[in-house]
Amino acid sequence: MTLFLSSFLVLFLEIALIRWMPAYIRLLSYFSNFILLAAFLGCGIGCMLAGARRNLFLLFPLLLLVVVAAVDRLRLEVAVPSATTIYFSSGTADKVVAVESTMLLPLLFVVVALLFVTVAQRMARELEHVGRSDHLRQGVDRPAALRAYAINLLGSLAGVGAFALMSWLQVPPVAWFAVAFAAALPFLFERRRLIAIVNIALLAAALVIVQRMERGSLWSPYYKINVSQDRDDTVVEVNNIFHQSMAPVDRKEYFYQWPYTALGDTFDDILILGAGSGTDVAAALRHGAKHVDAVEIDPVILRLGKERHPDRPYDDPRVTAIVDDARHFLATTTKRYDLVVFALIDSLTVQSSFSGVRLESYMFTEESFRAVRDHLKPRGLMVLYNYFREKWLVDRLANTVARVFEQEPRVHVHQERAYLAVMLAGPRLDDAVTLPPPPARVMAYGQAQDPSPPQPLHRDASIIPATDDWPFLYMRAPELPRHYRSALGIVLVVSAFAVIAVGSGLRRTLPTTTGSASPSRVVSGVSRTLHFFFLGAGFMLLETKSIVQFALLWGSTWSSASLAIASVLVMALASAVVASRVEIRRSGPIAAALLGLIALNYLLPVGRVSFSSRLVESVFYGALVFSPVFFAGLLFSRSFRRSSSAAADFGANLFGAMIGGIAEYLSLVAGYRFLLILVAGCYLLAVLLDRQLAWAMTADEADRRLESAPRA
């Protein structure tokens, strides 16, 4: 039970921090997988320290209080100096501490890693304890380590399920931390009563701070949301970033009504993607729409629009409000529309902690625009507008639209208004020889009302479109930006230093022995560590690729992300159960099956093969995406079954997972299919090391027999 509870605490706390910290530290909205990498490093070091005399879990309450207090008091506002990547500034009026560099990331990385060292050490001790107990009860030939691993996976699954339930219930962070504190309490009562009382007081103090920080906020599955009133405008901020304002449509920017102004009130069936609080819906109703499908991913923002928008657009019986991801809706609906509107959609968070894909990135890929084209009626129109910040982003979208629709889109931009652009495309434009001139003034909340004459876009054809394989809309070109390289480089140096320092400290505390280890034993130890390291790196990359592809099947919603993570854990658990019941003597057939499935995934990305049935498509691609995870789990379980030190091998695996998480950033350069090549390379190395390990163990056994043989 204690192994289950400690495993639950590790994963639940990891997910909670990934959701909570970016709500207050804006930079982490775009780099939340740095928290994931820190958790992996901390867990790896915690596993290394499983045999240490000091119980580091006693420091957990203090470190958690430090993390919570730092996030509360500093309120760091980070500006990322980049001409090639777009990050949205907050515009908050709150007092902040300006840090003009992503060098804050390594500092946060270290603090979070230290926190997870304390939790993971306890989890690793339980891994070792369960393994030893199984050995004593059932004999050394039984898969003791696998039983411990299965319990670890069950605890992790429970952590994912618990947080998914809390997201569905839209409960605030004070409840998240209360659950984490409750899971930690049994481990605190194991020591002296005075120490336990002090630690409980520290946990209570952290809980009070969390509760005070969230006062007045709403928590959706994606954001911390604050609502305020500024004269006649209802203002919505998410994660301390201005998101939208609600006002009568006549007092909003002209582009909401531009399709109707330009082409008349002739659109009957309208689809609005990213409908938000409802201004686009109000504009469609004002201009005679017979039916509007309003798709919005965030249920809380949709609810705010229903409750507080002055035009009450969602009360109109002509409107159907749909809580869904845009790509998933397009994949599941058979309806066709006269007008499809890409509403003001801003990227304010990433899709999941496993990737750098932002929440709406898949809405603006080449494949997404094809889906929109296929849902237009013969005289349909697509309109897209936003404040795009950079001309190259407008060029990217215009190039993508031109390629998909095989026509030149009608685009004008207001350069002085953060490159506000309005883009029209579709067969309806074939009937429109000329369009009326757009207004020179853009009436917008919080902006100057000076004239900003629109200019036609002269697009730069060299800016490549975003695709489902390379969905990085807000990067100018496929590259690893300098601020990524700097931050990741420091993280690697810090991680290497930490591992070396802890390893050196452990060697000094070990009892010395006479003589020296045989070469075969040295090779065996190094091979085992590297074997589990590459298994971890490969699995992390495979997990990332699977979760990203799952978003294309079921959308980039919080529920899809939770289901994808749970599916990976279930596949790993299934492989552990199989390996515990069937002894797998050779890794070659499993590796061959795994590499074959990886190759098949490379050749058949999601969407390459079309199906008439959505159910058949989901089953086919679901099996294709997650079957490699099962075989990868079999390779790990086969090796872990023979583990003589569950904590050490699990720690090496976690270090590998951290490096795999860093390698995921190579997708910024080469796309997500390239990750499958890295996955194949990691598993090939793991299999080769497994064979070397078998040879070393055979040689070591021969050395032992020679040493024990009677001398003449």
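Note that this is a predicted model, so its numbers are computed, not measured. (Residues numbered from 1 in each chain as written. Predicted model: local features only at pLDDT ≥ 70, side-chain atom pairs only at ≥ 80, totals over all residues. Heavy atoms only, no water.)

Trainee: A description of the confidence of the model for the chain should follow, citing residues and the corresponding values.
Mentor: For the chain, the mean per-residue pLDDT works out to 85, and 86% of the residues sit at or above 70. When the criterion is pLDDT under 50, residues 90–100 qualifies, and its contacts beyond four places in sequence or with other chains add up to 22 contacts. In this model residues 135–142 is a low-confidence stretch, pLDDT under 50, and it forms six contacts with partners more than four residues away in sequence or in other chains. (pLDDT = per-residue confidence, 0-100. Contact = heavy atoms within 4.5 Å.)

Trainee: Which residues make up a nonpolar patch on the surface, and what values go with them?
Mentor: Residues Leu-59, Leu-62 and Val-66 make up a contiguous nonpolar surface patch of about 240 Å² in total accessible area. Mapped onto the fold, Leu-59 is located in the loop between helix H2 (33–48) and helix H3 (60–74). Accessibility expressed as a relative area gives 39% for Leu-59, which makes it partly exposed. (Patch = residues over 30% accessible without salt bridge, like charges linked within 9 Å, V, L, I, M, F, W, Y side chains within 5 Å. Areas by Shrake-Rupley, 256 points an atom, 1.4 Å probe, with all protein chains shown as cover. Salt bridge = Lys/Arg side-chain N within 4 Å of Asp/Glu carboxyl O. Helix = DSSP H or I, 4+ residues; strand = E, 2+ residues; numbered from the N terminus. Buried < 20%, exposed > 50% of the residue type's maximum accessible area, 1.4 Å probe, protein only.)

Trainee: With reference to specific residues and values, describe the sheet that holds strand E7 (residues 269–273).
Mentor: The mixed open sheet is built from eight strands, whose spatial order is E9-E8-E7-E10-E11-E13-E12-E14. Every other strand in the sheet has two partners, leaving strand E9 (319–323) and strand E14 (455–456) as the edge strands with one partner each. Two elements, strand E12 (residues 410–414) and E14, share two bridges in a ladder whose sense is antiparallel. If you follow Val-413 over to E14, its bridge partner there is Gln-455. Along the sheet face, helix H10 (residues 299–308) touches strand E8 (291–296) and E9 and points at about 155° away from the line of E9. Here helix H13 (residues 391–405) sits on the sheet in contact with strand E11 (376–387), E12 and strand E13 (420–425), set at roughly 0° to E13. (Pairing = 2+ DSSP bridges. Axes fitted to C-alpha atoms, helices over the stretch in contact; angles between N-to-C directions.)

Trainee: Quick one: what's the story with the environment of Gln-455, residue by residue and with numbers?
Mentor: With respect to the element layout, Gln-455 can be found in strand E14. On the basis of relative accessible area, Gln-455 is assigned to the partly exposed category, the value being 45%. Residue contacts for Gln-455: discarding those within four places in its chain leaves Val-411, His-412 and Val-413.

Trainee: So what's going on with the nonpolar core? Which residues, and what values?
Mentor: Judged by nonpolar contacts, the single largest core of 149 residues is most densely connected at Leu-17, Trp-20, Met-21, Phe-60, Tyr-149, Phe-640 and Phe-650. Beyond its immediate sequence surroundings of up to four residues, Tyr-149 is in contact with Leu-127, Ala-572, Ala-576, Phe-636, Ser-637, Phe-640 and Phe-650. (Core = buried A, V, L, I, M, F, W, Y, C linked by side-chain atoms within 4.5 Å.)

Trainee: Summarise unusual backbone geometry; cite the residues concerned and give the values.
Mentor: Phi at Gln-170 takes a positive value of approximately 60°, unusual for a residue other than glycine. With respect to the secondary-structure elements, Gln-170 resides in the loop between helix H5 (144–169) and helix H6 (173–188).

Trainee: I'd like a rundown of the sheet that holds strand E6 (residues 241–246), residues and numbers included.
Mentor: By way of backbone hydrogen bonds, the strands of a sheet pair with one another, either parallel or antiparallel. The antiparallel open sheet is built from four strands, whose spatial order is E3-E4-E5-E6. Edge strands, defined here as strands with exactly one partner in the open sheet, are strand E3 (218–219) and E6. Sheet topology note: the E3/strand E4 (residues 224–230) ladder contains two bridges and is antiparallel. Note that in E4 the partner of Trp-219 across the bridge is Lys-224. H10 rests against E3, E4, strand E5 (233–238) and E6 of the sheet, and its axis sits at about 25° to E4.

Trainee: Lay out the side chain of Thr-118 with the relevant residues and their values.
Mentor: Locating Thr-118 in the fold gives a position in helix H4 (residues 104–138). Residue Thr-118 is classed as buried on the basis of its relative accessible area of 3%. A polar contact of 2.6 Å, which involves the side chain of Thr-118, links it to the backbone oxygen of Leu-115. Setting aside anything within four residues of it in sequence, one finds Thr-118 in contact with Leu-56, Phe-57, Leu-59, Phe-60 and Leu-63. (Polar contact = N/O pair within 3.5 Å; in protein donor to acceptor, adjacent residues only side chain to side chain.)

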